[in-house]
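Summary of structural features
The lines below spell out each chain.
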Amino acid sequence: MPMHDRIIPYLERAGLYHLARLNSQWFWLDEPLVSAFVERWRPETHTFHMPFGECTVTLQDVAFQLGLPVDGEAVSGCLGEFETYMEGGRPAWEWFEDLFGERPPPNKVKQMTVHFTWFHERFRVLPPDASEETVRIYARAYIMMLLSTQLFGDKSANRVHIRWLPFVANLDGMGRYSWGSAALAWLYRCMCRVANRNVTNLAGPLQLLQSWIFWRFPSLRPAGFEVFSFPLASRWSAYLPPNDGKEQRVIRYRLALDRLTARDIVWEPYSALDVLAVVHPEILTEEHSRMWRAVTALIYFAVIEWHQVDRVVPQLGGVQHTPEDALNVDWLHAKDGRGGDRWFPHYYQKWHEHWENRLDAVISIERVADPGPSADYLDWWYREAQRFLSPGAAFADPRGTQIPPEAYQRGSSQVPRRSQLPDMPDNRRVERRRRVGTRDTGREWRWLHDAMQEDDAGGDARAEVDHRVRRANARRGRTPDDTQHAGGVSGTAATEAGGDTFTTTMTMDLDDQLVSPRFYADFAELIGNDAGTSNVQFGGQSYQQQMPDVQMETGAYQPHMTEMHSQPHDYQGQYGVDLNVPAGSPLDTWFTMGGTPQSAYGLDPPRDDVGQEAARPTRVRRPARCGTGSHLLGDFHDVARDDRDG
């Protein structure tokens, strides 16, 4: 969209004028080059892991490359439910109509986004005699398009989100926000996502990333681009990368990165006099330049990333020390705004407080004439880092390269003091394991524990204990009558051993297509295979399965605990599996599937009266939900009690 002269004052007050100057050129992305760098991106540290150490895009690069303010309020709020979370907020589309004079047609709207073409068709040409209110409307449209394309583009690449309505509603107040930190947070998040090998598309402010590569690595930049102006990313606006042989170019770039040394990176490209001559003075003020050294949170609505500039001290003119352990930000990476709208300044209150106290997180860096990694850092890096990605046969292996002498001359560097943050791991796996109750977590199956407590206190009422098999996705909130009509299945299996009766009851919800009589019969047969004699009732029908009497050799047969109640024996039955190991363990795949332990199939075959080998039962692969026979629950009940008691 063309930048009309009458909307420039609004762009200047919003702090987006320098970025808008880049909008006049179409930037072409060197995809193989960017892909080779993304391969070296580490989400744990938000840095590129290179053969010589770490480097990354920082707030300083955002200020010089795009001309954006990096100090100010966090770019946050809610995504669309303005009337719910904002004081004086209105329904989204009513507010949209007030700000732009009309609503887009339904075929241009998808959920909370508007197609680019509607903005192009409606606000591309500003009428010469437009009133000041009309100019403000066109300025709002231009800013929303600018933010959605140059800074915060997503993979759709053709839609504008209405999250920007509260910002463009007050054009004069847009200058108080830190657009640079929000853009860097979004770039970090996009690269963290594409670091997953299953993700193939990259979004975000990619002209910032490509320009950073060209300015930092002279051996990778194209030739003939010696004239530049501010913002510095405009230097490469006419660059047109080749469009053929991309796979081979990725391999070549990967090999080129493997061969880089600390001499091949320009640690301070912005300190040259010809660069300082074109930079806007506002970028160099202390108000903004001090934020380059802040180790703090970067916020863009639901996106929270970490500005770990303490790991790339040479980019700010210092000597790199051995860094501290990286923060665990898995929990933050799992948050992307899906699952319902919310007021993010409250939801991420802790991280917003860190941004508000960002001046306390500014580290002190002692500038030196020759910035770079220290000898201690290189010694640690050569031992710990994954430095090379190309096959060893692709180049003369430099793994034995000695630490360069200039690294010793730099001396050592002190770890800068900074505010400490606790790790924020993704606890979803821990929570799932806690609910499952494996031994590794030190937790118990609370429902089973309660049932055993009732069992111990009941004495003779043991047969009345109800051990229910819980399902994580079971339908809740039903009455017994509802369950009977909605496919709920309940059954009782009893095993008698020497006068003692052990009763187990299972309850489970089944889909409607599984409630046929044939399914009940098959299910009863499977339970009968687990229980010697079982009487199962489904839907008022009784299915009885009698297992044939089989004489087995006592030396080879290991009795189950339910049988040991009535058969006193000195032999202690041992299981070939650990019942606390989650399903899928390589120890015994059949037992985890709900069948018979493999150890039972390694026994000597039973013999009949004439010495012939008796027929052994057929192994049936059963789903886990069907392994609920009486001996399985009974054994698990007894083993769990023994494990609880000591």
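Anything mentioned here points back to the structure above.
The text that follows walks through the structure, step by step, so that each part is easy to find. Just so we're clear, the structure is a prediction, and the values are computed from it rather than from any experiment.

**A closer look at the packing of aromatic side chains**
Under the criterion given, the structure shown has 47 aromatic pairs. With a centroid separation of 5.5 Å and 50° between ring planes, the pair formed by F64 and W292 is classed as tilted. With F64 in helix α4 (residues 59-66) and W292 in the loop between α14 (286-289) and β7 (297-300), this pair connects stretches of sequence that are 228 residues apart. By relative accessible area, F64 is classed as buried at 2%. Under the relative-accessibility criterion, W292 is labelled buried at 11%. For the ring pair W212 and F217, a centre distance of 6.0 Å and an interplane angle of 75° mean the geometry is edge-to-face. W212 gets classed as buried once you look at its relative accessible area, which sits at 0%. Through a chain of ring-to-ring contacts, the aromatic side chains of F64, F214, W215, F225, F228, W236, Y239, Y270 and W292 assemble into a single cluster.

**Examining the pattern of salt bridges**
By the definition in use, this model includes 21 salt bridges. Across the pair E31 and K246 runs a salt bridge whose closest N-O atoms are separated by 2.9 Å. With E31 in helix α3 (residues 31-38) and K246 in helix α12 (residues 246-258), the pair connects residues that are 215 residues apart, well separated along the chain. For K246, a relative accessible area of 31% translates into the label partly exposed. Residue R311 pairs with E54 through a salt bridge whose shortest N-O separation is 3.0 Å. Placement of R311 in the loop between β8 (303-306) and β9 (319-320) and of E54 in strand β3 (residues 53-55) is noted, with a sequence separation of 257 residues between them. Of the two residues, R311 and E54, both sit in the buried class.

**Considerations on the packing of α4 against helix α11 (residues 206-216)**
Contact geometry of α4 with α11 gives a least axis separation of 10 Å together with a crossing angle of 100°. Classified by the interaxial angle, the pair formed by α4 and α11 is roughly perpendicular. Contacts from Q60, D61, V62, Q65 and L66 of α4 reach α11 at Q207, L208, S211, W212, W215 and R216. Among the residues making up the contact of α4 with α11, the classes are represented as 5 nonpolar, 4 polar and 2 charged.

**Let's talk about the sheet that holds strand β4 (residues 109-110)**
In a beta sheet, neighbouring strands are held together by backbone hydrogen bonds and run either parallel or antiparallel to one another. The strand order across the open sheet formed by 3 strands is β4-β5-β6, and the pairing between neighbours is antiparallel. Only two strands of the sheet have a single partner each, and these edge strands are β4 and β6 (159-161). As defined by bridge partners, strand β5 (residues 113-115) adjoins β6 across 3 bridges and the pair is classed as antiparallel. Considered in β6, the bridge of V114 is made with V160.

**Section: the sheet that holds strand β1 (residues 41-42)**
Spatially, the 3 strands line up as an open sheet ordered β1-β2-β3, and their pairing is antiparallel. Looking at which strands have only one partner, the edges of the open sheet turn out to be β1 and β3. The pairing of β1 with strand β2 (residues 47-50) spans 2 bridges and is classified as antiparallel. Counted as the bridge partner of R42 is T47 from β2.

**Regarding helix α6 (residues 92-100)**
Taken as a whole, α6 has its buried residues at A92, W93, W95, F96, L99 and F100. An end-on view of α6 places all buried positions within 155° of arc, on one side of the element. In the core, the buried residues of α6 are packed alongside α5 (82-85), β4, β5, α7 (116-123), α8 (132-151) and α9 (165-168). In the segment just after α6, G101 is the residue with positive phi, at about 85°.

**Focus on the packing of α3 against α12**
Two elements in contact, α3 and α12, have axes whose closest approach is 8 Å; the angle formed by their N-to-C orientations is 45°. Judged on the interaxial angle alone, α12 and α3 are oblique. The handedness of the crossing between α3 and α12 is right-handed. Taking contact as the criterion, the partners of E31, P32, L33, S35, A36 and F37 in α3 are, on α12, K246, R249, V250, Y253, R254 and L257. The residue inventory of the contact of α3 with α12, partitioned by class, reads 7 nonpolar, 1 polar and 4 charged.

Basis of the calculations
- Residues numbered from 1 in each chain as written.
- Predicted model: local features only at pLDDT ≥ 70, side-chain atom pairs only at ≥ 80, totals over all residues.
- Heavy atoms only, no water.
- Phe/Tyr/Trp six-rings, centres within 6.5 Å; stacked < 30°, edge-to-face > 60°.
- Helix = DSSP H or I, 4+ residues; strand = E, 2+ residues; numbered from the N terminus.
- Buried < 20%, exposed > 50% of the residue type's maximum accessible area, 1.4 Å probe, protein only.
- Salt bridge = Lys/Arg side-chain N within 4 Å of Asp/Glu carboxyl O.
- Axes fitted to C-alpha atoms, helices over the stretch in contact; angles between N-to-C directions.
- Parallel < 35°, antiparallel > 145°, perpendicular 65-115°, else oblique.
- Contact = heavy atoms within 4.5 Å.
- Nonpolar A, V, L, I, M, F, W, Y, C, P; charged D, E, K, R; others polar.
- Pairing = 2+ DSSP bridges.
- Arc of directions from axis to C-beta.
- Left-handed = near helix turned anticlockwise from the far one by under 90°.

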